[in-house]
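Here is what each chain is made of, one letter per residue.
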Amino acid sequence: MKPIALEQATINAEGLLLAGSPHLVLSSVHFDTRQLKAGSLFVALTGGVRDGHDFLLQAAEQGAVAALVSNQEKIPAGLPDEFGLILVNDTLRGFQKLAAAYRKDFSIPHIAITGSIGKTTVKDIVAHVLEARSPVYRTYKNLNNHLGVPLSLLQMEPEHQAAVLELGMNHAGEIDLLASLVKPQISVITYIGESHLEFFGTREKIALAKAELLPHTAPDGLVLLNKDSEYLPRIAHLYSGEIMYYSVKEPCDLWAEQIEPTDSGTQFDVCFASGERFSAFLPLHGKHSVLNALPAVAIARRLGMSAEQI
C-alpha cells in the first residue's frame, strides 16, 4: 500500500477523526492483529464471533498506529496518546469504502475473475503471463470475499501495472458489491457449475448472480465468457461492450485446437476469429487447463503483448 495520511483515510472511510494527528501516515491496513506491522491501520470488525474492539490494545502492541472503530464505549484506556481513531457507523463498510477510494488512485487495468470453478487458476495464469512484461498485483492469498477483495485492493503498490482480482460468492448480491469496489476494465466468467446450488436453486440463478459483474465492467472494456459453459451465452446481453467467447470445443472468438499432451504439459494451437494462429505450450496437463489459459491469451493481447511474449 502506498502511504496515506490519517486525515485522508478518514475522508475515504466517510468517518470522523476522534483522535490522532491528521498528518499521521498509515503504511498498511488489516483486520487481523497477526498481520499488523509498524504504521498499520487496524480495522475493528464486529460481524464475526469476536469483536475487533476487544483487540485494540493488542493491535497497538503489534505496531498499529490507528484504528477504524464503530463503538466509542469499547475503546479501552491505555492506548498510546498519539493513537489515531476513525469513527464510522459500520467498520466493515468503512473498510470497503476505504478500499474503493484507494483503488481510484490506480489508473491501471483491473481484471476481475469469477466463476463456479477455475477462477483461482485463471487468476494465476493471467497474472503469470502479464508479469512477463511488468509487475502485476494478484489477489492477496486466495481471499476473494467481502473482506478479501478490499484487503487485496489495499495491498496494491505504485509499481504495479495491472491488478488481477478473484471474486467469490455464496449468495446473490455479493458479486455486485465486490465488482463495485474493483470497477474492472476486463472481466472473466469461467464457468457456471453447481457449487452453492443450495442457496440458488438453479444454475440459471447462479449465472445471474455471476453476471452481477458485467454492469460494473467499464463500458469500453472487455468481457470474456467461456463458450463451453452453456449458461454464459445467456447472460451476455447484460453487458453492452465488447464480449469475447473462448473455447476448447469449437471455433469462436478465441479457441484452442491440436491439443496434445506431453511429458511436461500440454502443447496446443491458439486460434483467433481474425485468422491469427500460433503455437503455445502450457506446463499443466489436460484440456481444462488449456481452457483456463485462454483468458490470459486474450487479456495479454488486449494489453499489447505479442504472441512471442505470451
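Described in the following lines is the structure provided in the data block. (Residues numbered from 1 in each chain as written. Predicted model: local features only at pLDDT ≥ 70, side-chain atom pairs only at ≥ 80, totals over all residues. Heavy atoms only, no water.)

1. Observations regarding the sheet that holds strand 13 (residues 242-247)
Then, number 1: The strand order 9-10-8-11-12-13-14-15-16 describes an open sheet built from 9 strands, whose pairing is mixed. Looking along the sheet, the strands with just one partner apiece sit at the ends: strand 9 (136-138) and strand 16 (277-282). Between one strand axis and the next, the sheet turns through 20° on average, direction left out of account.
Then, number 2: Most of the contacts of helix 9 (residues 287-302) go to strand 14 (residues 254-262), to which it runs at about 135°, and overall it touches strand 8 (110-114), strand 11 (186-189), strand 12 (222-226), strand 13, strand 14, strand 15 (265-272) and strand 16. (Pairing = 2+ DSSP bridges. Helix = DSSP H or I, 4+ residues; strand = E, 2+ residues; numbered from the N terminus. Axes fitted to C-alpha atoms, helices over the stretch in contact; angles between N-to-C directions. Contact = heavy atoms within 4.5 Å.)

2. A few points about the nonpolar core
Generally speaking, a soluble globular protein has its nonpolar side chains buried in company with each other.
Then, number 1: Of all hydrophobic cores here, the largest spans 59 residues; its most connected members are Val29, Phe95, Leu154, Leu167, Ile189, Leu225 and Ile235.
Then, number 2: The contacts of Ile189, once residues within four sequence positions are left out, are Thr114, Lys210, Ala211, Leu213, Leu214, Leu224, Leu225, Asn226, Leu232, Ile235 and Tyr246. (Core = buried A, V, L, I, M, F, W, Y, C linked by side-chain atoms within 4.5 Å. Buried < 20%, exposed > 50% of the residue type's maximum accessible area, 1.4 Å probe, protein only.)

3. Section: the side chain of Ser28
Then, number 1: By the secondary structure assignment, Ser28 is in strand 4 (residues 28-30).
Then, number 2: With relative accessibility at 12%, the residue Ser28 sits in the buried group.
Then, number 3: Engagement of the side chain of Ser28 in a polar contact is seen with the side chain of Ser40, the distance being 2.6 Å.
Then, number 4: If sequence neighbours within four positions are ignored, Ser28 has contacts with Met1, Lys37, Gly39, Ser40 and Leu41. (Polar contact = N/O pair within 3.5 Å; in protein donor to acceptor, adjacent residues only side chain to side chain.)

4. Some points on the packing of helix 3 (residues 91-103) against helix 6 (residues 174-182)
Then, number 1: Running from N to C, helix 3 and helix 6 cross one another at 40°; their axes reach a closest spacing of 8 Å. Considering their axes alone, helix 3 and helix 6 lie oblique with respect to each other. Mapping the contact onto sequence places Arg93, Gln96, Ala100 and Arg103 in helix 3 and Leu177, Leu181 and Val182 in helix 6.
Then, number 2: Taken together, the residues that form the contact of helix 3 with helix 6 break down as 4 nonpolar, 1 polar and 2 charged. (Parallel < 35°, antiparallel > 145°, perpendicular 65-115°, else oblique. Nonpolar A, V, L, I, M, F, W, Y, C, P; charged D, E, K, R; others polar.)

5. Regarding unusual backbone geometry
Then, number 1: Positioned with a positive phi, Glu14 is a non-glycine residue whose angle comes to about 55°.
Then, number 2: For Glu14, a relative accessible area of 56% corresponds to the exposed category.
Then, number 3: Unusually for a residue other than glycine, Gln258 sits at a positive phi of about 55°.
Then, number 4: Here Gln258 is to be found in strand 14.

6. Some details on the environment of Gly304
Then, number 1: Turning to its location among the elements, Gly304 is positioned in the segment after helix 9.
Then, number 2: Sequence spacing of Gly304 and Arg133 is 171 residues, and the spatial spacing of their C-alpha atoms is 9.9 Å.
Then, number 3: When neighbours within four sequence positions are excluded, Gly304 is seen to be in contact with Arg133 and Gln309.

7. Examining the sheet that holds strand 5 (residues 40-43)
Strand pairing in a sheet takes place through backbone hydrogen bonds and is either antiparallel or parallel in direction.
Then, number 1: With mixed pairing, 5 strands are arranged side by side in an open sheet as 2-7-6-5-4. Of all the strands in the sheet, the pair left with one neighbour each is strand 2 (16-19) and strand 4. Across this sheet, the average inter-strand angle for adjacent strands is 25°, counted without regard to direction.
Then, number 2: When strand 2 meets strand 7 (residues 84-87), the two strands line up antiparallel, connected through 3 bridges. For Leu16, the partnering residue across the bridge sits in strand 7 and is Leu87.
Then, number 3: Packing against the sheet, helix 3 makes contact with strand 4, strand 5 and strand 6 (66-69), and its axis sits at approximately 120° to strand 6.

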